[in-house]
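# Observations on the model geometry
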Amino acid sequence: MGSTAEVLAVVKADAYGHGAAVCAPLLATAGARWLGVTSVEEGVRVREACAETAADASPSILVMCGLWDGEAADLVEHSLTPVVWEAFHLDLLEAEAGRRGLKRGSLPVHVEIDTGMARQGVAADHRLASLLKRFTPDSALRLEGVLTHFASAEVVDSRQNSAQMTILERALTIVAEHGLQPLWIHAGSSSTMDAGIELPHIAKLALAMGARPMARPGLALYGYSLPLESYGERTSPHRPKLRNDLQPVLTWKTRIVSLREIGAGSTIGYGGTFAARQPMRLALLPVGYADGLRRELSCSDRKPGGWVLIGGRRAPIVGRVSMDLTIVDVSAIADAALGDEAVLIGQQEGESVTADDHARLAATIPYEILCGISDRVPRVIV
Ligand SMILES: *Cc1c(COP(=O)(O)O)cnc(C)c1O
């Protein structure tokens, strides 16, 4: 988007499982002037974390999924900026502004346009017009931003991207016709930033109406990107990542807490789904699906599973991943010892296992793997 664009760093879902209390202040200190969260509750936690450990940086915090009855007080109290698209959002905010006697124009809001995702946002027609009529000169509410979200940013030959741009342009025309001049026009996530097609266009639209462009990356901040997709070659086995120069930020590790030898024919874990063909040496790891280690990484006689890294080697998961425990095969890692580190996601002596690997085995996306790492796994900055 060029040097004029601002970056809103998305820290929703506990910073994609990385720990928002850790990541939000780091990002703010590193210069992020905008952070994005899902709910008022998340926003309050992020505001408090920033106040504690990044007191000099006081970022704006965008609550991206609207608000509900009973949340406006916390929202205003903690200076959070809401994304709105329903008349009732404005009702709640106006009522709160009235209770507090807020001055005109002192409560900034961002209006989301539904340009084709049919998830959030107001349609770019008379429905947008009637929302905009609420931003009178006397209102406490101020239209600070207009945004939309792209549905198919990683699909290189999708026609949806340009269709969504056209609708955004129409919406901005309606905004201008109402004599409103938002400070920010924003769109685009990690995938859009890489595809690089829409963002220069958005920057142009923003500058044309005296506003500033902003993009909202999430996943890329944590070192991951989606594979590029193409409708034209959907069955192609080779789907390059949007970017290969990103470094995953998170390492997830545990330790071997028990070791044992089993004989040929023994079965391993719940259901006895894996039987040893020869004597094996097994290591026990105190991690399971309650921590977010996906059960699809289980390995049976019929299906290979995931792996962890021990001593720089791959140790395959054997049997079913259970709630709190996982068994791995260390038969080929002769010096594996009690207390040795086992890497679940990350690198060890040149070998690696990523959230993408887990996602492939669990038939999902890296987002779900990362934000699925549960609360009981401590997050530590290194
Ligand atoms: C989650 C989200 C983003 C960030 O998306 P990534 O794909 O993680 O970069 C941006 N905007 C909105 C509205 C979102 O909900």
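Residues numbered from 1 in each chain as written. Predicted model: local features only at pLDDT ≥ 70, side-chain atom pairs only at ≥ 80, totals over all residues. Heavy atoms only, no water.

Turning to the domain arrangement of the protein, a few remarks are in order. Partitioning the protein into domains gives domain 1 (6–222) and domain 2 (252–371). Here the C-alpha centre of domain 2 lies 41 Å away from the C-alpha centre of domain 1. In this complex, domain 1 contributes five residues to the contact, which on the side of domain 2 involves four residues. Overall, the association of domain 1 and domain 2 removes approximately 440 Å² of surface from exposure, summing both partners, and the carbon and sulfur fraction of that is 78%. Between the two partners, domain 1 and domain 2, sit zero salt bridges. Seen at the junction of domain 1 and domain 2, the total is zero residue pairs in polar contact (both at pLDDT 80 or more). Across the side of domain 1 that touches domain 2, the residue classes break down as three nonpolar, two polar and no charged. (Domains from an automatic or database assignment. Contact = heavy atoms within 4.5 Å. Buried area = accessible area lost by both parts, 1.4 Å probe. Salt bridge = Lys/Arg side-chain N within 4 Å of Asp/Glu carboxyl O. Polar contact = N/O pair within 3.5 Å; in protein donor to acceptor, adjacent residues only side chain to side chain. Nonpolar A, V, L, I, M, F, W, Y, C, P; charged D, E, K, R; others polar.)

Strand order in the open sheet made by the three strands is E10-E13-E16, with antiparallel pairing throughout. Every interior strand has two partners, whereas the edge strands, strand E10 (258–262) and strand E16 (326–329), have only one. Neighbour-to-neighbour, the strand axes of this sheet turn through a mean angle of 30°, independent of strand direction. (Pairing = 2+ DSSP bridges. Helix = DSSP H or I, 4+ residues; strand = E, 2+ residues; numbered from the N terminus. Axes fitted to C-alpha atoms, helices over the stretch in contact; angles between N-to-C directions.)

This part covers the nonpolar core. If you look at the biggest cluster of nonpolar residues, it comprises 101 residues, and the most contacted ones within it are Val46, Val111, Ile113, Trp252, Ile310 and Val328. Considering every element that reaches this core, the biggest residue donor is helix H7 (residues 160–177), with six residues. Two domains each put at least three residues into this core: domain 1 (6–222) and domain 2 (252–371). In contact with Val111, not counting residues within four places along its chain, are Val84, Val122, Leu128, Leu131, Phe135, Leu143, Gly145, Val146 and Leu147. Ranked by size, the runner-up nonpolar core spans eight residues in total, among them Ala276, Met280, Leu282 and Cys299. (Core = buried A, V, L, I, M, F, W, Y, C linked by side-chain atoms within 4.5 Å. Buried < 20%, exposed > 50% of the residue type's maximum accessible area, 1.4 Å probe, protein only.)

The subject of this paragraph is the pairing of strand E2 (residues 34–37). Along E2, one buried face is formed by Trp34 and Gly36 and the opposite face, lined by Leu35 and Val37, is buried too. Where strand E1 (residues 6–10) lies against E2, three bridges are found, and the strand directions are parallel. For Ala9, the partnering residue across the bridge sits in E2 and is Leu35. Two strands pair when backbone bridges link them, and E2 and strand E3 (residues 60–63) are joined in this way by four bridges, in the parallel orientation. Counted as the bridge partner of Trp34 is Ser60 from E3. Taken together, E2, helix H3 (residues 40–53) and E3 constitute a β-α-β crossover, and its handedness is right-handed. (Right-handed = clockwise from strand over helix to strand, strands pointing away.)

Moving on to helix H5 (residues 87–100). With 14 residues, H5 ought to run about 20 Å at 1.5 Å a step, and its terminal C-alpha atoms sit 20 Å apart, in line with that. Regarding H5, the residues found buried are His89, Leu90, Leu92, Leu93, Glu96 and Ala97. The buried side chains of H5 occupy one side of the element, clustering within an arc of 160° when seen end-on. Exposed side of H5, more than 90 degrees from the buried face: Gly98 and Arg99 are the residues found there. Where H5 is buried, its residues contact helix H4 (72–77), strand E4 (80–84), strand E5 (107–112), helix H6 (126–132) and strand E6 (141–147). Where H5 terminates, the next one or two residues include Gly101, which has phi positive at roughly 60°. (Expected span 1.5 Å × (residues − 1). Arc of directions from axis to C-beta.)

Let us now look at unusual backbone geometry. Its identity as a non-glycine residue notwithstanding, Ala13 has a phi of 50°, on the positive side. Within the secondary structure, Ala13 is located in helix H1 (residues 12–16).

Close approach of charged atoms allows side chains with opposite charge to pair. Scanning the entire structure with this criterion turns up 19 salt bridges. Notably, a salt bridge pairs Glu6 with Arg33, separated by 3.0 Å at the nearest N-O pair. Of this pair, Glu6 sits in strand E1 while Arg33 sits in the loop between helix H2 (20–29) and E2, placing them 27 residues apart in sequence. Taking the relative accessible area as the measure of exposure, Arg33 reaches 51% and is therefore exposed. Between Arg360 and Asp357 there is a salt bridge, with its nearest N and O atoms 2.7 Å apart. Residue Arg360 and its partner Asp357 are both found in helix H10 (residues 355–361); the two are separated by three residues, about one turn of the helix. On the basis of relative accessible area, Arg360 is assigned to the exposed category, the value being 55%. Ionic contacts of the salt-bridge type, sharing partners, join the residues Glu77, Glu96, Arg99 and Arg100 into one network.

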